[in-house]
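Examining the three-dimensional arrangement
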Amino acid sequence: MKKYIVILVVLSLATSAFAKKDVKPTFEAGSNVCLIGDSITHNAKYMKNIVLFYATRYPTDKINFYDVGISGDVAKYVNKRLKDDVLSLKPNYATLMIGMNDTRYMRENPNDWFRNKLEENRQSYIKNVGEIIQKIKDANCKLIMFAPSPYDEDAKIKDKPVVFGKRRELEFFADQCRRFAFKHNLPLIDMWNYMTDVSIEIQKKHPEISTSGNDRVHPTDMGGYVMMSNFVRTLGEYREISTVEINAKTAKLEYSFNCDVSDFKAEKNRVSFDSLEYSLPFPLNKDTAFAEEYVRFVKEYNRQIIKVIGLEKGDYSLLIDGKEVAKYSSDELAKGVNIGNNTNTPQYKQAVETEKASFVFRDFCNSLREINATEMWQKLYELDSFEARVERLEKMLKEKKIKHPYIRKCAVLYKTTKPKQAEMFAESRRLHDELYKIATPKKHRFELKKIN
């Protein structure tokens, strides 16, 4: 009886040797990750791309990302709001990118009063960032430090003249973030140097374009893609989507990675199999495709390899679920072909649908954070009751003390959105989870047929 049990175990191992999920994210599945910052975080351009990467690369290992950025924020206020606005979410990980507004707005006048406050302002930044780091560590949360994204003085943007001294001060803060990372042994995502380097390359052909956006500060989706690529590379996430290697001559599945291969058949001029892949490609849109020329991210990370040796010489049609997606020669297939950036595959189309959901999630988070932003902009945190806060806003609006159109719009909406904040937060989590549902792995039928 024992003899037969051993034989059955061996057979089971032989048939399931390649049936496994081989990739895992840096963050443990189920982790809460809070992205702390100012408007660059609030507008969620880089968050959208980070969330999209993790949803497509690790769709069965959901990571819960939270946008806790506030437009106009500074280190001092992050320190003030940290407990209630960030640590209340019980994060396992947090990222911190702050500094753009801590530079204040310098003026061309060398006698500007703020020039005499530089050292005081620098020391305030250092003090508050140090306290933020300690509070996050005390909460048993792992911190990932960002050297902040740059202020671009070099882009030829007509409507946005360079603000004197801003880049210099921000560079000082970026250096302090590197020092904090070294002192506390924290992972460092150096957005300052990476985005600057990419902008330099872009501006050789397009002097008016910057990874820091059209106002020299706020990255567009293109800049958010650049930031995501630096984030993913620094953390060392998996570059492979899946790999299948077949010997058609011996009718043998030689190797598979991050996919379950079943119903495998092979002849000298035809191969077919089912594959359940555990990752999707990262999709590009018009904006991110422009940046890809310079960061070469999907070229490196969308590795979905099919390799078939022993085929009869000639050209072959690759069909997935009965539809032709590409044609390859037997020589190309023997070397291995990468279909990760083939927009015709159902996997890529599924990734595109996931990206559509990521835009919806991004925009909703942006609106949700406007509630917190209004409370900071108008110092509503000084007032305990909702009624007192609304009264202050209505008085300021009536007296036309809120000039900026966007800030005024948020103030007008506060009376309606604040009572619904918990409901809106729940909806943001539903939209986040929808990303992962759309990216759920699906089995596909692959066929290689010789073209007569």
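Definitions and cut-offs
Residues numbered from 1 in each chain as written. Predicted model: local features only at pLDDT ≥ 70, side-chain atom pairs only at ≥ 80, totals over all residues. Heavy atoms only, no water. Pairing = 2+ DSSP bridges. Helix = DSSP H or I, 4+ residues; strand = E, 2+ residues; numbered from the N terminus. Salt bridge = Lys/Arg side-chain N within 4 Å of Asp/Glu carboxyl O. Buried < 20%, exposed > 50% of the residue type's maximum accessible area, 1.4 Å probe, protein only. Axes fitted to C-alpha atoms, helices over the stretch in contact; angles between N-to-C directions. Parallel < 35°, antiparallel > 145°, perpendicular 65-115°, else oblique. Contact = heavy atoms within 4.5 Å. Nonpolar A, V, L, I, M, F, W, Y, C, P; charged D, E, K, R; others polar. Expected span 1.5 Å × (residues − 1). Arc of directions from axis to C-beta.

It is worth spelling out the sheet that holds strand S10 (residues 303–309) at this point. A sheet is described by the order of its strands in space; here four strands give the open sequence S7-S6-S10-S13, paired in mixed fashion. Lying at the two open borders of the sheet, with one neighbouring strand each, are strand S7 (252–257) and strand S13 (337–338). Both strand S6 (residues 240–247) and S10 contribute to a ladder of seven bridges, which runs parallel. Note that in S10 the partner of Glu240 across the bridge is Arg303.

Another point: the pattern of salt bridges. For the structure on display, the rule yields 33 salt bridges. Between Lys48 and Asp221 there is a salt bridge whose closest N-O contact spans 3.4 Å. In this pair, Lys48 is assigned in helix H3 (residues 45–57) and Asp221 in helix H8 (residues 221–235), connecting sequence segments 173 residues apart. The exposure class assigned to Asp221 is buried, which follows from its relative accessible area of 5%. The residue Arg81 makes a salt bridge to Asp85 at a minimum N-O spacing of 2.7 Å. In this pair, Arg81 and Asp85 both sit in helix H4 (residues 75–86), four residues apart, roughly one turn of the helix. Just as Arg81 is buried, Asp85 falls in that class too.

Let's shift gears to the packing of helix H12 (residues 346–377) against helix H14 (residues 405–417). Taken N-terminus to C-terminus, the directions of H12 and H14 make an angle of 100°; their axes are 9 Å apart at the nearest point. Classified by the angle their axes make, H12 and H14 are roughly perpendicular. Residues Asn366, Glu370, Ile371, Thr374, Glu375 and Trp377 of H12 lie in contact with H14, whose contacting residues are Tyr406, Ile407, Lys409, Cys410, Ala411, Tyr414 and Thr417. Here the contact of H12 with H14 is built from residues that sort into seven nonpolar, three polar and three charged.

Take helix H5 (residues 118–138) next. One full turn of an α-helix is made of 3.6 residues, so residues set three or four places apart face in the same direction. Here H5 is 21 residues long and its end C-alpha atoms lie 30 Å apart, about the 30 Å a rise of 1.5 Å per residue gives. For H5, every residue scored as buried is listed here: Leu118, Asn121, Arg122, Tyr125, Asn128, Val129, Ile132, Ile133 and Ile136. Looking straight down H5, one finds its buried side chains confined to an arc of 140°; they lie on one side. More than 90 degrees from the buried face of H5, the exposed residues found are Glu120 and Asp138.

The subject of this paragraph is the side chain of Thr345. Mapped onto the elements of the fold, Thr345 is located in the loop between S13 and H12. If near-sequence neighbours (up to four positions away) are discounted, Thr345 is found in contact with Ile320, Val325 and Ile339.

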